[in-house]
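What the coordinates show
Read off the chains here:
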Amino acid sequence: MDFTFTEEQLAAAEAARGVFAKVAPDAVPSPALTSGAVAEHFDRELWDTLAGADLLSLLPAEEYGGAGLDAIALCLVLRESAKVLARVPLLENSAVMAAVQAYGDEELRGRLLARAGHGELVLTVAANGRTGHDPAELAVTARRDGDGWLLDGVQTAVPWVYDADLVAVPAHTGDRSVLALVAPSGDGVTLAEQVSTSGERLGELHLESARVAGRDVVTAEGAWEWLRELLATGTCALALGLGERVLRMTSEYTGKREQFGHPVATFQAVAVQAADRYIDLRAMEATLWQAAWRIASGAPGALPSAGDVAVAKIWAAEGVRRVVQTAQHLHGGFGADTEYVLHRYHAWAKQIELALGGAGVHEEALGDLLAAHPLA
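Quick look at the structure, then. (Residues numbered from 1 in each chain as written. Predicted model: local features only at pLDDT ≥ 70, side-chain atom pairs only at ≥ 80, totals over all residues. Heavy atoms only, no water.)

1. Considering the overall build of the protein
Test applied: Where helices and strands are cited, they refer to DSSP runs of H or I of at least four residues and of E of at least two residues respectively, numbered from the N terminus. For a compact globule the rule gives 2.2 Å times the number of residues to the power 0.38, and the radius of gyration it is set against comes from C-alpha atoms. Partly exposed describes any residue whose relative accessible area lies between the buried limit of under 20% and the exposed limit of over 50%, with all areas from a 1.4 Å probe on protein chains only and scaled to the type maximum. We call two residues in contact when some of their heavy atoms are within 4.5 Å.
Across its full length, the protein holds ten helices and ten strands. Taken against the 2.2 N^0.38 rule, which gives 21 Å for 376 residues, the C-alpha radius of gyration of the protein at 21 Å falls within 12% of a compact globule. Along the first, second and third principal axes, the C-alpha set of the protein runs to 80 × 55 × 35 Å. Across the 376 residues in the protein, those meeting the buried criterion constitute 53%. For the protein, the proportion of contacts with a sequence separation of at least 24, taken over those separated by at least 6, is 74%.

What follows is the structure, encoded as structure tokens:
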């Protein structure tokens, strides 16, 4: 078994480190001190820089102006973005492009992929359903209307929707799911502002007989399920990058902070807690790459790829929570200082932990998969 990355994947990660090295995680007001959203829009300057570095076009094929890379390369870049709390829809935009390339028709691919890869078109996803606890594809109904579709329903907590040109909305027809690309400014579409735990501006998407052209609806079987798995795996990459940065911050702090004439990092109780969190991160990393590899390769396994994604999300959710809690504890009162960046990472970690379902949701999903596919 070969765990090494390809030269192309490593090059993408290196380019990402170069771009994100210039990003400050405290460039917007603290979510702890802001009653509303920390900013109205995402970081457009960073978005343009990512486009210029070809990091928005990792997944599309070369014929659409992309690099033709895979989910592993995307996760390597997302890992770096989370270390600086990058405020851009990199995961959502990339995941929708990948789904369109894999399941959309040629006309849709030609119309969207190059523009989205160049940063000219911003794509996001409505993946949280009506309440955040129910399946997203059941929150919206889709019915044929001439050469188009009519959508009705509600999707909550849609990220970056106020900046997006199109939202990928899963919907059900009664017997299957489709994926509709909806313009937030279209007829029958309204938004209600929401604010995330991390202080970012979200939107509750209301659809009332919202008309979507037939060419903007992906009807291929499995499109939404595949997109959901890629989103969940990308979220695991964000958790890993954030956790790694927080553990490094904790190491640096405890190495300098002294009690009784010695750095607190040399105390056994401190060292053991930090070591436990390091083990969490390595487990998060191993399960992440397993899930990303299953998506990228399509390789068969004892369980469908959804099983590997569920395992990765369980570790990511539990692991990132433990990492930031231990970091807060080992920083003492300094960790709660709103002038110190750690509290921002804690807020983002909680958002990532629960995004697309916390550990309990994925434990239940994994149990259902094991029941349906008994292991010999």
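2. Notes on the packing of helix H3 (residues 71–82) against helix H6 (residues 223–256)
For the record, the criterion: Orientation is described by lines fitted to C-alpha atoms, with helices fitted over the stretch in contact, and by angles between N-to-C directions that extend from 0 to 180 degrees. Comment on the angle field: the value is read as roughly parallel under 35 degrees, roughly antiparallel over 145, roughly perpendicular from 65 to 115, and oblique elsewhere. A crossing counts as left-handed when the near helix is turned anticlockwise from the far one by less than a right angle, and as right-handed when that turn is clockwise. Only Asp, Glu, Lys and Arg are considered charged, only Ala, Val, Leu, Ile, Met, Phe, Trp, Tyr, Cys and Pro nonpolar, and every remaining residue, Gly among them, polar.
Viewed as axis vectors pointing N to C, H3 and H6 meet at an angle of 40°, and their least axial separation amounts to 7 Å. Between H3 and H6, the interaxial angle falls into the category oblique. Handedness of the H3/H6 crossing: right-handed. Here Ala71, Leu74, Cys75, Leu78, Arg79, Ser81 and Ala82 of H3 come into contact with H6, specifically with Leu230, Thr233, Gly234, Ala237, Leu238, Leu240, Gly241, Leu242 and Glu244. Looking at the contact of H3 with H6 residue by residue, the class counts come to ten nonpolar, four polar and two charged.

3. Notes on helix H7 (residues 268–297)
Definition in use: Take the residue count of a helix, subtract one, and multiply by 1.5 Å to get its expected span.
Look at H7: 43 Å from first C-alpha to last across 30 residues, which is about the 44 Å you get at 1.5 Å a residue. Following H7 by one or two positions, glycine 298 has its phi on the positive side, about 70°.

4. Structural notes on the pattern of salt bridges
The line we're drawing: Here, a salt bridge means any Lys or Arg side-chain nitrogen found within 4 Å of an Asp or Glu carboxyl oxygen.
Following the criterion strictly, the structure yields 25 salt bridges and no others. Taking the shortest distance from any N to any O, the salt bridge between aspartate 147 and arginine 211 comes out at 3.0 Å. Of the two residues, aspartate 147 is situated in the loop between strand E2 (140–145) and strand E3 (148–159) and arginine 211 in strand E7 (residues 201–213); the sequence distance between them amounts to 64 residues. Looking at aspartate 147, the relative accessible area reads 62%, which means it is exposed. On the basis of relative accessibility, which here comes to 44%, the residue arginine 211 falls in the partly exposed class.

5. Overview of the side chain of serine 57
Residue placement: serine 57 occurs in the loop between helix H2 (44–52) and H3. Using a relative accessible area of 4% as the deciding quantity, one classes serine 57 as buried. Residues contacting serine 57, with those up to four places away along its chain left out, are Gly65, Gly66, Ala67 and Gly117.

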